[in-house]
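As a plain string of letters, each chain reads:
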Amino acid sequence: MKPWGGRFTAASDPSAERFTASIGFDRRLWPHDIAGSIAWARALARAGLVTAGERDAMVRGLEAVRGELERGEFPFRAELEDIHMNIERRLAELIGPPAGKLHTGRSRNDQIALDERLYLRDVTVHLADGIREVQTALLDRAADSVDVPMPGYTHLQRAQPIVLAHHLLAYVFMLHRDRERFRDGAARADMLPLGAGALAGTAFPIDREALARDLGFAGVTWNSLDAVSDRDYVVEFLAAAAITGMHLSRLAADLTLWATAEFGFVEFSDAFATGSSIMPQKKNPDVAELTRGKSGRLYGNLVAVLTTMKGLPLAYNSDMQEDKEPFFDSVDTLGAILDVFPPMLRSLGFRVDRMRAAAGEDFSTATDLADYLVRKGLPFREAHEVVGRVVRHAIDHGLALEAVPVDDLRRFSPLIEADVREAITVEASLRARSVTGGTAPDSVRRTLDVARRLVAS
Ligand code: ARG
């Protein structure tokens, strides 16, 4: 029997029942649904709508239902559509008539908005902790690589030397913004929707502020239509998850590239790689590749909910039930990435000799030669031109920049003297970039301290 049996004369078609049921996925909201119902029972008693005895029966009954759910003994029924009706029906079976008063002045429309906001609060804390674990692993690897030169790239062409720690710390700062995004979204969602009823507000004298305090919300929603039709909190969450996924996907892409024979900058631990079923020699960076791949799901989930919401007239529409699978999938997908990343990062073998050797190749200190000329008084545009000709000359003679004799360099500019040798080493190039946020080891050490404080905050 459906809760709406009174108006209906015919039973649901089984195909319609299967089609409309959400219990297969919204069951994960049970802890929040029960917490919300317990608080609602108390609010009903405070409003004089149920007696203290009825309230206690409901609370005890809901706690018994919670016990069944915890022990995996709860009888889920698809014909009861969703988690809300499943729990209410079970409560009625356990405590009888008082259960019939629980839904007084409440609708599944404000109930689901409540459950989702409570769930969001929990998963946000969990995912933010996971992001912090990734940051901590990166920080630890960065602390050991402040003095490891490597090539920095633009256009994926060797550009200027940097240190490995600088590259790793870039991701720590991206992930810091991600944590802020999750936190900001959760703060905006921190308003109680319960009391909105189906759409127009409950008709009973519910003290919503007291209810908000009971459930740990900072405040109450101000418009009942908005309260039941808003899914911004899901969209913002999915956007934060998509952006985090994008950042981790880029890190995964860096590592995948670095693990190629062509780069040879890292070796994945066997524990975080897989082999080939046919090629005995293969070692594939699957964890990194799948991270890159799963970022696509995170984007898809965001776009799915945005698209579902865009044409919906106010207030509640059943379309909104479609928010849950993308929402939950992003929680699970990002959670899985955040689980595997810290141990994977900690077990990476950095091939610092290869990085160091590559850092000085391909004229990576050509900008430093131009800067040297600027320090001797040449306008930068002229210095750029001069060094461009030097590079052309070196390429034509098959020489590295440092291998061009000083006398030959002087043919391009009389400003060049013997001290140029020292000015175009990788170490000098790094040391010069001591600006705040630059790659000079001393700057990176200061930045590392800043990053540590941000991660601890
Ligand atoms: N299962 C529904 C959802 O997820 C709960 C709200 C249903 N309300 C309704 N009037 N059908 O959105």
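Preceding this section is the structure that the text describes.
Here we summarise the structure given alongside this text. (Residues numbered from 1 in each chain as written. Predicted model: local features only at pLDDT ≥ 70, side-chain atom pairs only at ≥ 80, totals over all residues. Heavy atoms only, no water.)

A short note on the overall build of the protein
- Looking only at helices and strands, one finds 19 helices and six strands in the protein.
- Counting only C-alpha atoms, the protein reaches 100 × 55 × 40 Å along its principal axes.
- Considering only contacts in the protein between residues 6 or more positions apart, those separated by 24 or more positions represent 76%.
- For the protein, the accessible surface area stands at approximately 21600 Å², while carbon and sulfur atoms represent 54% of it.
- Side chains of the protein carry 56 positive and 65 negative charges; the gap between the two charge centres is 1 Å. (Helix = DSSP H or I, 4+ residues; strand = E, 2+ residues; numbered from the N terminus. Contact = heavy atoms within 4.5 Å. Areas by Shrake-Rupley, 256 points an atom, 1.4 Å probe, with all protein chains shown as cover. Lys, Arg positive; Asp, Glu negative; His and termini not counted. Charge placed at Lys NZ, Arg CZ, Asp CG, Glu CD.)

Side note on the packing of aromatic side chains
- Applying the stated criterion across every chain yields a total of nine aromatic pairs.
- Relative to Phe-265, the ring of Phe-263 has its centre 5.4 Å away and its plane inclined at 85°; by these criteria the two rings are edge-to-face.
- Look at Phe-263 and you get buried, because its relative accessible area is 14%.
- Residue Phe-265 is classed as buried on the basis of its relative accessible area, which comes to 2%.
- Among the aromatic side chains, those forming a connected cluster through ring pairs are Tyr-119, Phe-182, Phe-237, Phe-327 and Phe-328. (Phe/Tyr/Trp six-rings, centres within 6.5 Å; stacked < 30°, edge-to-face > 60°. Buried < 20%, exposed > 50% of the residue type's maximum accessible area, 1.4 Å probe, protein only.)

Let's talk about the site of the ligand
- Inspection of the region around the ligand gives Ser-22, Asp-82, His-84, Arg-108, Asn-109, Ile-112, Tyr-316, Gln-321 and Lys-324 as its neighbouring residues.
- One of the side-chain nitrogen or oxygen atoms of Asp-82 is found 3.2 Å away from a nitrogen atom of the ligand.
- Note that an oxygen atom of the ligand is positioned 2.4 Å from one of the side-chain N or O atoms of Tyr-316.
- Classifying every residue of the shell around the ligand by side-chain character gives two nonpolar, four polar and three charged. (Near = heavy atom within 4 Å. Polar contact = N/O pair within 3.5 Å; in protein donor to acceptor, adjacent residues only side chain to side chain. Nonpolar A, V, L, I, M, F, W, Y, C, P; charged D, E, K, R; others polar.)

Topic: helix H14 (residues 366-375)
- Residues of H14 that are buried: Ala-366, Asp-368, Leu-369, Ala-370, Tyr-372 and Leu-373.
- For H14, the elements touching its buried residues are helix H15 (380-396), helix H17 (420-423) and helix H18 (426-432).
- At the exit of H14 stands Gly-377, carrying a positive phi of roughly 110°.

Overview of the environment of Gly-300
- With respect to the helices and strands, the residue Gly-300 is situated in helix H11 (residues 286-309).
- Along the primary structure Gly-300 and Leu-238 are separated by 62 residues, whereas in three dimensions their C-alpha atoms are 9.4 Å apart.

Some words on the packing of helix H6 (residues 108-143) against helix H12 (residues 324-346)
- For the pair H6 and H12, the least separation of the axes is 9 Å and the interaxial angle reads 20°. With respect to H12, the axis of H6 lies roughly parallel. Note on packing geometry: the crossing formed by H6 with H12 is left-handed.
- Grouping the amino acids of the contact of H6 with H12 by side-chain chemistry returns 17 nonpolar, three polar and six charged. (Axes fitted to C-alpha atoms, helices over the stretch in contact; angles between N-to-C directions. Parallel < 35°, antiparallel > 145°, perpendicular 65-115°, else oblique. Left-handed = near helix turned anticlockwise from the far one by under 90°.)

Considerations on H11
- Compared with the 34 Å implied by 1.5 Å per residue over 24 residues, the 35 Å span of H11 between its first and last C-alpha is a close match.
- The set of residues buried in H11 consists of Val-287, Ala-288, Thr-291, Ser-295, Leu-298, Asn-301, Leu-302, Val-305 and Met-309.
- In this structure, the buried side of H11 is in contact with helix H9 (224-229), helix H10 (232-258) and H12. (Expected span 1.5 Å × (residues − 1).)

A look at the nonpolar core
- In this structure, Trp-258 and Leu-345 are the most contacted members of the largest nonpolar core, which totals 107 residues.
- With 14 residues, H6 is the single largest residue contributor to this core.
- Beyond its immediate sequence surroundings of up to four residues, Leu-345 is in contact with Val-134, Ala-137, Leu-138, Arg-141, Leu-251 and Leu-255.
- The next biggest cluster of nonpolar side chains, apart from the first, holds 20 residues, and it includes Val-390, Ala-394, Leu-409 and Val-420. (Core = buried A, V, L, I, M, F, W, Y, C linked by side-chain atoms within 4.5 Å.)

Regarding the side chain of Asp-82
- Looking at where Asp-82 falls in the secondary structure, it is placed in the loop between helix H4 (52-70) and helix H5 (83-95).
- On the basis of relative accessible area, Asp-82 is assigned to the buried category, the value being 4%.
- Polar side-chain contacts of Asp-82 include one of 3.0 Å to the backbone nitrogen of Met-85.

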